[in-house]
Amino acid sequence: MSAAAAALSLIPPRAPPSDTEGVIPWLKRNLFSDWKNTLGTLIVLALLVRYLPPLLQWAVFNAVARPDNAACRAIGHEGACWGVVAEKYRLILFGRYPYEEQWRPLLASMLMVLLIVASCYRAFWKRWLIGAWVVVLTAFFVLMHGGVLGLTPVETARWGGFPLTIMLSTIGLACAFPLSVLVALGRRSRLPGIRTLCVLYVELIRGVPLISVLFMASFMFPLFMPAGWTIDVLVRVQVGIILFSAAYLAEVVRGGLQALPRGQIEAAASLGLSYWQTVRKVVLPQSLRLVVPAIMNTFIGTFKDTSLVTIVSLYDLTGALQLALGDSDWRKFFLEGQLFVAAIYFIFCFAMSRYSQWIERHLNIGTRRK
Amino acid sequence: MSASPSRAPAPSTEPIIEFVKVNKWYGQFHVLRDIDLSVAKGERIVICGPSGSGKSTLIRCINRLEEHQQGTLKVAGVELTDDLKAIEAIRKEVGMVFQQFNLFPHLTVLQNLTLAPMWVGKVPKKEADERAMQQLKRVKIAEQASKYPLQLSGGQQQRVAIARALCLTPKIMLFDEPTSALDPEMIKEVLDVMIELANMGITMICVTHEMGFARSVADRVIFMDEGQIIEQNTPTEFFSHPKSERTKNFLSKILAH
């Protein structure tokens, strides 16, 4: 050490002040830091005291949980009638699927959800997962459609409720995502033909509402088919959803591609990697993780947009609820029914949102300094 | 920087890179003008010149990161055209080190090094790992193999970038201002690795303003301005007796401090 450094006594590291940890300091800092903050806290508290008890009274204490129509009518506005859910849950969940066969959509949906959850874990991102998808999707259709293995055939017009929602959104996103990556890459292609095609696709699809796409898939498309040819309406609607969400996703992915520094592609090129090797190993792993929140945003949107298929007489969760509320005895309790369906949507959307945050942190290992 | 004690054997005369009347434009801007340049196998060349003089563009033409529009350019016996196969073949022979390192931030140091050998060279993983570790040892950074690039200092990252380029055992190494983005105290560790490479006999073309490096390792120093090669000579002659006014002017500016 030089004489100068020795003369200048170094400051040893000290522990941070201790009064910043614990409940009381936290409350002080976050809820009562100054008079405005304190006022806000008190207003919120007052609102809670005023409105929370009546809400609980309605939703829990006075509520009728039994499927007892008379009891529901008797309680009126004083309590919720969860009886409508207890009475109609099979219709809401499975739509017009034959009652005694409803174990099939139940099993099919459970398999699908299980696979989706499994696919979320990065440790499972192996080759066998693709095989598992093929197996589960096949099982899903066999169970739903029947006609083999001694299962009674059930035509697609009677599919409905939750299995329909999960099918339309899962297959929709699983196909839309790879398509969107191709379209996004195509929009940046050096070949003008491909570029124009991709731009046209995105702008055309984005320019019309999903309802129009579904209408066209459902009513107009058959008019253009040669006589004798039919494609199941469910397939047409599914393709419509895929094309629609792929257009939106493509723009999200393109945003990620644009954020990638040019030097990354040059480095890959200088190492002799081909275009597709560069895309797979360098471009996508980096650009996709940049747009995880936006991708998940589109996913959540698509999940809820599947409810629009009601417009072409397919009874997804919301459509099946309308069927259930067609019963004049229970029509009065539509609010409780809507809340039940909303809760199902919320569980899935919230899970997607939390997963998005988790995977973002998980994927960002190494891309930040320690 | 001291001159390296042992100079590599004199380069052979067989040309490994040949520019004949090469021209390039960016839109209306004439960035390379009638470039004639022949580089012998094993030759070590330093290119300097003011910014915008076309020196980076020149070396980026060698591995076709930029394409020239007129003239012929042959690298390792292959003429560079639109033929993708030829371009990929040449890129295996030419390693490149960039000013901004351009390491892949989502891969560990080791994965950065093994990516091209495994996918381009079809080398099995185990062998690719071994080779990569050898190169990391050469640039004295083997202990960082499992870290991610952004966890390393700039000098360390640039050394990893050099090791990555070497993993394909290229015949030619291109350096595009490899020390310009580094903090002063890290420049030496990178230059030391480059001097070691120079002494191994690999063909090197280096765009740099490190004149000490040019003096100690270059066989030839090239001065470019406005898209042209203004002057080229051995380092001794180049620095002691620059011929053109522009060269003198440039040298007086960069050697002043």
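The rules behind each value
- Residues numbered from 1 in each chain as written.
- Chains lettered and ligands numbered in written order.
- Predicted model: local features only at pLDDT ≥ 70, side-chain atom pairs only at ≥ 80, totals over all residues.
- Heavy atoms only, no water.
- Phe/Tyr/Trp six-rings, centres within 6.5 Å; stacked < 30°, edge-to-face > 60°.
- Buried < 20%, exposed > 50% of the residue type's maximum accessible area, 1.4 Å probe, protein only.
- Patch = residues over 30% accessible without salt bridge, like charges linked within 9 Å, V, L, I, M, F, W, Y side chains within 5 Å.
- Areas by Shrake-Rupley, 256 points an atom, 1.4 Å probe, with all protein chains shown as cover.
- Salt bridge = Lys/Arg side-chain N within 4 Å of Asp/Glu carboxyl O.
- Helix = DSSP H or I, 4+ residues; strand = E, 2+ residues; numbered from the N terminus.
- Contact = heavy atoms within 4.5 Å.
- Polar contact = N/O pair within 3.5 Å; in protein donor to acceptor, adjacent residues only side chain to side chain.
- Nonpolar A, V, L, I, M, F, W, Y, C, P; charged D, E, K, R; others polar.
- Pairing = 2+ DSSP bridges.
- pLDDT = per-residue confidence, 0-100.
- Axes fitted to C-alpha atoms, helices over the stretch in contact; angles between N-to-C directions.

Novice: Where do I start with the packing of aromatic side chains in this structure?
Specialist: Given two aromatic rings, their pairing is described by the distance between the two centres and the angle made by the two planes. Residue and element names in this part refer to chain A. Tallying each qualifying case throughout the model produces 17 aromatic pairs over all chains. With a centroid separation of 5.7 Å and 85° between ring planes, the pair formed by Phe140 and Phe141 is classed as edge-to-face. You can call Phe140 buried: its relative accessible area is 0%. The exposure class of Phe141 is partly exposed, given its relative accessible area of 34%.

Novice: Explain a nonpolar patch on the surface to me, please; I cannot follow it from the model alone.
Specialist: Nonpolar side chains collect at one region of the surface, where Phe32, Leu42, Val44, Leu45, Leu48, Leu52, Leu55, Leu56, Val60 and Phe61 of chain A lie side by side and expose about 920 Å² of accessible area between them. Secondary-structure assignment places Leu56 of chain A in helix α3 (residues 35–61).

Novice: What should I look at first to understand the interface of chain A and chain B in this one?
Specialist: How big an interface is tends to be expressed through the accessible area that disappears when the partners come together. With 26 residues of chain A in contact, the opposing surface of chain B contributes 26 residues. Linking chain A with chain B are 1 salt bridge, by the criterion used here. In this structure, Glu266 of chain A engages Arg60 of chain B in a salt bridge whose closest nitrogen and oxygen atoms are separated by 2.6 Å. Summed over the shared surface of chain A and chain B, the result is 7 residue pairs in polar contact (both at pLDDT 80 or more). Among the elements of the structure, α12 (262–270) and α13 (275–290) of chain A are those that each provide at least two residues to the side of chain A that touches chain B. Residue contributions to the side of chain A that touches chain B peak at 8 residues, all from α12 of chain A. Of the residues contributing to the side of chain A that touches chain B, the split by class is 8 nonpolar, 9 polar and 9 charged.

Novice: Is there a simple way to think about the side chain of Gln158 of chain B in this case?
Specialist: Take Gln158 of chain B: it is sitting in helix α5 (residues 154–166). Once residues lying within four places of it in the same chain are set aside, the contact partners of Gln158 of chain B are Val97, Phe98, Gln99, Phe101, Pro178 and Val190 of chain B.

Novice: How should the side chain of Thr170 of chain A be read in this particular structure?
Specialist: Residue and element names in this part refer to chain A. Its place among the elements puts Thr170 in helix α8 (residues 161–187). By relative accessible area, Thr170 is classed as buried at 10%. At a separation of 2.6 Å, a polar atom in the side chain of Thr170 contacts the main-chain carbonyl oxygen of Ile166. Other than its neighbours up to four places away in sequence, Thr170 contacts Met112, Ile116 and Trp133.

Novice: When you look at the sheet that holds strand β1 (residues 15–26) of chain B in this model, what are you seeing that I'm missing?
Specialist: Sheets are built from strands paired through backbone hydrogen bonds, the pairs being either parallel or antiparallel. Residues and elements named next belong to chain B. Read across the sheet, 4 strands follow the order β2-β1-β4-β5 without closing on themselves; strand pairing throughout is antiparallel. The open sheet has two edge strands, β2 (29–40) and β5 (78–79), and neither has a second partner. As defined by bridge partners, β1 adjoins strand β4 (residues 70–75) across 5 bridges and the pair is classed as antiparallel. Note on β4: the bridge partner recorded for Asn23 is Gln70.

Novice: What's the story with the pattern of salt bridges in this structure? I'm lost.
Specialist: Charged atoms that come close allow side chains of opposite charge to pair. All names here are of chain B. Tallied over the entire structure, the rule returns 25 salt bridges over all chains. In this structure, the salt-bridge partner of Lys21 is Asp36, at a minimum N-O distance of 3.5 Å. Of the two residues, Lys21 sits in strand β1 while Asp36 sits in strand β2, which places them 15 residues apart along the sequence. Classification of Lys21 by relative accessible area gives partly exposed; the value is 46%. The exposure class of Asp36 is partly exposed, given its relative accessible area of 37%.

Novice: Any chance you could explain the confidence of the model for chain A here in plain terms?
Specialist: The predicted coordinates of low-pLDDT regions are not to be read in fine detail. Confidence in the prediction of chain A, expressed as mean pLDDT, is 86, and 96% of residues score 70 or more. Within chain A, no element has a lower average pLDDT than helix α1 (residues 3–7) of chain A, which sits at 56, and none a higher one than α12 of chain A, at 94.

Novice: What exactly am I supposed to notice about the sheet that holds strand β9 (residues 220–225) of chain B here?
Specialist: All names here are of chain B. One open sheet accounts for 6 strands, arranged β6-β7-β8-β3-β9-β10; its pairing is mixed. The open sheet has two edge strands with one neighbour each: β6 (94–97) and β10 (228–233). Neighbour-to-neighbour, the strand axes of the sheet open up by a mean angle of 20°, direction not taken into account. Taken together, the 4 bridges between β6 and strand β7 (residues 172–176) define a ladder with parallel strand orientation. From the neighbouring strand, Met96 faces β7, where its bridge partner is Leu174. Where helix α1 (residues 55–62) meets the sheet, its contacts fall on β3 (44–48), β6, β7, β8 (203–207) and β9, and the angle it forms with β7 comes to roughly 150°. Against the sheet, helix α2 (residues 84–93) makes contact with β6 and β7, and its axis sits at roughly 65° relative to β6, the strand it touches most.

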